[in-house]
Amino acid sequence: MRPDGSAPESPLLARPGAVAAVGPDAGTAAHYGNPTKEQRALETGSALVDMSSRAVVTVTGPDRLSWLTTLSSQQLAALPAGESSELLLLDIAGRIEHAPAIVDDGATAWLITEASRGEALAQWLESMKFALRVEISDRTGDYAVLGSTNPLPGGASQAPAVRWTDPWPRLGDGAESYAAIDEADHPGKDWAWNLTLVERETLEDVVASVESHGWQLAGALAAEALRIAAWRPRLAYDVDAKAIPHELDLIRTAVHLSKGCYKGQETVARVHNLGHPPRRLVFLHLDGSEHTLPSVGSDVLAPKDSSDREALAQERAVGVVTSVARHHEAGPIALALVKRKVDPDAQLVVRDRELPNDPADDSAPEPTFYAAAQEVIVRPDAGKNVGRPQGDFLRGPRR
């Protein structure tokens with residue numbers, strides 16, 4: 001492992017044509033020379049993605065599942081061996097701190113999370129052990145993660161026993177949809193995503209064996225495009241320091257609304273029963289005429305006049321782009337968090353530049369604007385308003 005605790009750079013980056021990813025997927029390949037071809041192969045189930053930068057944390061001991069239930073938003077006490085789920089660890093105000101995938105093999109609970117969150121997750125869990133019969137280990141240096149839309153071929157050598165299958169977007173027990181559309185129309189209804197754990201030292205051998213079955217490698221760009229098209233939030237991109245589960249429609253797969261107490265539950269219950277989430281996730285179809293993509297973190301605007309570039313440069317943002325990709329069929333697409341009260345029918349604009357601190361500063365580059373048609377993911381009226389208390393309950397009462 002690297003000095004910062006993250007996984008070592010993948011040996012698959014030595015493949016011909018490999019272009020290194022940046023950001024959360026650094027250490028793996030963004031693509032191997034043909035992102036569009038790779039994305040099509042991944043969608044049809046004949047490609048795998050090197051996600052060996054992801055962190056792997058294990059919890060063992062007889063109390064592991066009941067203990068994780070008491071700490072998290074999810075009911076895991078009776079999680080069957082081999083069944084996949086996901087959980088959220090929240091702060092006292094209900095904001096998301098960790099969002100690992102979880103699968104239990106009957107003896108060990110395997111948690112898979114972002115590269116930058118593994119060490120912090122293991123340390124936090126260790127701090128919460130007290131006298132319970134659990135043991136926590138950061139196994140990122142021992143195990144690598146491979147992503148695929150189909151399970152890896154059964155005849156692949158070194159076939160691993162641990163595989164997590166994404167529950168998204170199927171409603172779990174004690175869950176509720178915050179989406180604006182029927183489940184049958186959800187764009188993620190055909191989303192199938194598997195994370196397979198392999199011993200890190202066998203990574204190249206496993207990939208070579210899978211390739212012998214006619215599969216190919218795809219890069220992180222391919223996986224991101226399919227994820228965004230399925231409206232699937234990701235911790236590394238779509239969760240900021242203020243995010244609560246309701247804003248991202250994570251109540252459907254990561255929260256059990258009837259389980260016992262856990263940190264942050266009061267906010268989860270209040271927003272769900274009495275109020276509305278302050279922001280909502282939207283899907284954006286971006287204008288492709290610029291032949292570029294906006295940066296993650298770009299402003300989302302809801303202007304009255306989208307033709308006045310000078311006014312757009314000074315327009316106050318109503319949201320922020322959280323994920324962006326180029327889909328092989330839909331073209332440039334994105335996810336964004338916008339204020340709840342933004343008109344669902346409004347034509348939006350993405351501004352790809354932060355404004356200078358000094359309005360008179362003309363040395364900064366001109367912003368690039370992208371017309372953006374929104375599709376509502378989290379509906380503006382999600383949650384309930386009966387008896388909603390006055391004030392900002394996310395901050396608590398004034399003292």
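The coordinates are above.
Throughout what follows, the structure given in this document is the object of discussion. Bear in mind that the values here come from a model prediction, so they are computed numbers and not experimental data.

Cut-offs used in this document
- Residues numbered from 1 in each chain as written.
- Predicted model: local features only at pLDDT ≥ 70, side-chain atom pairs only at ≥ 80, totals over all residues.
- Heavy atoms only, no water.
- Core = buried A, V, L, I, M, F, W, Y, C linked by side-chain atoms within 4.5 Å.
- Buried < 20%, exposed > 50% of the residue type's maximum accessible area, 1.4 Å probe, protein only.
- Helix = DSSP H or I, 4+ residues; strand = E, 2+ residues; numbered from the N terminus.
- Pairing = 2+ DSSP bridges.
- Arc of directions from axis to C-beta.
- Contact = heavy atoms within 4.5 Å.
- Polar contact = N/O pair within 3.5 Å; in protein donor to acceptor, adjacent residues only side chain to side chain.
- Axes fitted to C-alpha atoms, helices over the stretch in contact; angles between N-to-C directions.
- Parallel < 35°, antiparallel > 145°, perpendicular 65-115°, else oblique.
- Left-handed = near helix turned anticlockwise from the far one by under 90°.
- Nonpolar A, V, L, I, M, F, W, Y, C, P; charged D, E, K, R; others polar.
- 1 Å grid on protein atoms, 1.4 Å probe; cavity = no way out; pocket = protein on both sides within 12 Å on 5 of 7 lines; lining within 4 Å.
- Points joined across faces, edges and corners; volume = space filled by probe spheres on them.

### A closer look at the nonpolar core
At step 1: Within the largest apolar cluster, 50 residues are counted, with the highest numbers of intra-cluster contacts made by Leu 42, Ile 96, Trp 193, Leu 197 and Leu 248.
At step 2: Top element by residues in this core is helix 5 (residues 220–229). It accounts for five residues.
At step 3: Within the second largest apolar cluster, 19 residues are counted, among which are Leu 71, Ile 102, Leu 125 and Val 134.

### Overview of the pairing of strand 18 (residues 331–339)
At step 1: Taken across its nine residues, strand 18 has eight buried, putting it largely inside the fold.
At step 2: Where strand 15 (residues 279–286) meets strand 18, seven bridges bridge the pair, whose relative direction is antiparallel. Considered in strand 18, the bridge of Leu 284 is made with Ala 334.
At step 3: Connecting strand 17 (residues 319–327) to the antiparallel partner strand 18 that follows it, the hairpin turn spans three residues.

### Considering helix 3 (residues 118–127)
At step 1: Within helix 3, burial applies to Gly 118, Leu 121, Ala 122, Trp 124 and Leu 125. Along helix 3, the residues classed as buried sweep out an arc of 165° about the axis, all on the same side.
At step 2: In the core, the buried residues of helix 3 are packed alongside strand 4 (55–60), helix 2 (64–71), strand 6 (89–90), strand 7 (96–98), strand 9 (108–113) and strand 10 (135–138).

### Description of the environment of Thr 292
At step 1: Structurally, Thr 292 is set in the loop between strand 15 and strand 16 (299–301).
At step 2: Residue Thr 292 is classed as partly exposed on the basis of its relative accessible area, which comes to 37%.
At step 3: Here the alpha-carbon distance between Thr 292 and Ala 122, two residues 170 residues apart in the chain, equals 38 Å.
At step 4: Residue contacts for Thr 292: discarding those within four places in its chain leaves Arg 326 and Tyr 370.
At step 5: At a separation of 2.6 Å, a polar atom in the side chain of Thr 292 contacts the side chain of Tyr 370.

### A closer look at the packing of helix 1 (residues 35–43) against helix 5
Each pair of packed helices can be described by the angle between their axes along with the distance between the axes.
At step 1: Running from amino to carboxyl end, helix 1 crosses helix 5 at an angle of 55°, the nearest separation of the two axes being 8 Å. Classified by the interaxial angle, the pair formed by helix 1 and helix 5 is oblique. Seen from above, helix 1 lies across helix 5 with right-handed handedness. For the pair helix 1 and helix 5, contact is made by Glu 38, Gln 39, Leu 42 and Glu 43 and by Ala 222, Ala 223, Ala 225 and Leu 226, respectively.
At step 2: By residue class, the composition of the contact of helix 1 with helix 5 is five nonpolar, one polar and two charged.

### Considering the sheet that holds strand 9
At step 1: Pairing is antiparallel across the open sheet formed by five strands, whose spatial order is 5-8-9-4-10. Single-partner strands in this sheet number two, and they are strand 5 (84–86) and strand 10. Across the sheet, the mean angle separating the axes of adjacent strands is 25° when strand polarity is ignored.
At step 2: Pairing of strand 4 with strand 9, which is carried by six bridges, proceeds in the antiparallel orientation. When the bridges of strand 9 are listed, Thr 58 appears paired with Trp 110.
At step 3: On the sheet, helix 2 packs against strand 4, strand 8 (101–104), strand 9 and strand 10 and is oriented at approximately 40° with respect to strand 9.

### With respect to empty space enclosed by the protein
At step 1: In the structure shown here, the tally under the stated rule is two cavities of 30 Å³ or more.
At step 2: Taken as a whole, the largest cavity encloses approximately 400 Å³ of empty space.
At step 3: Lining the largest cavity we find 25 residues, and of these Arg 54, Glu 114, Arg 232, Pro 233 and Arg 234 sit closest to its centre.
At step 4: When residues in the lining of the largest cavity are grouped by element, the largest group, three residues, is from helix 5.
At step 5: A class-by-class count of the residues in the lining of the largest cavity yields 16 nonpolar, one polar and eight charged.

### Remarks on unusual backbone geometry
At step 1: Note that the residue after Trp 168, namely Pro 169, is joined by a cis bond; omega there is -5°.
At step 2: Here Pro 169 is to be found in the loop between strand 12 (163–165) and strand 13 (194–199).
At step 3: One non-glycine residue, Trp 231, lies in positive phi territory at about 65°.
At step 4: Mapping Trp 231 onto the fold places it in the loop between helix 5 and helix 6 (235–238).

Interpretation note: all reported values are geometric properties and have no functional meaning in isolation.
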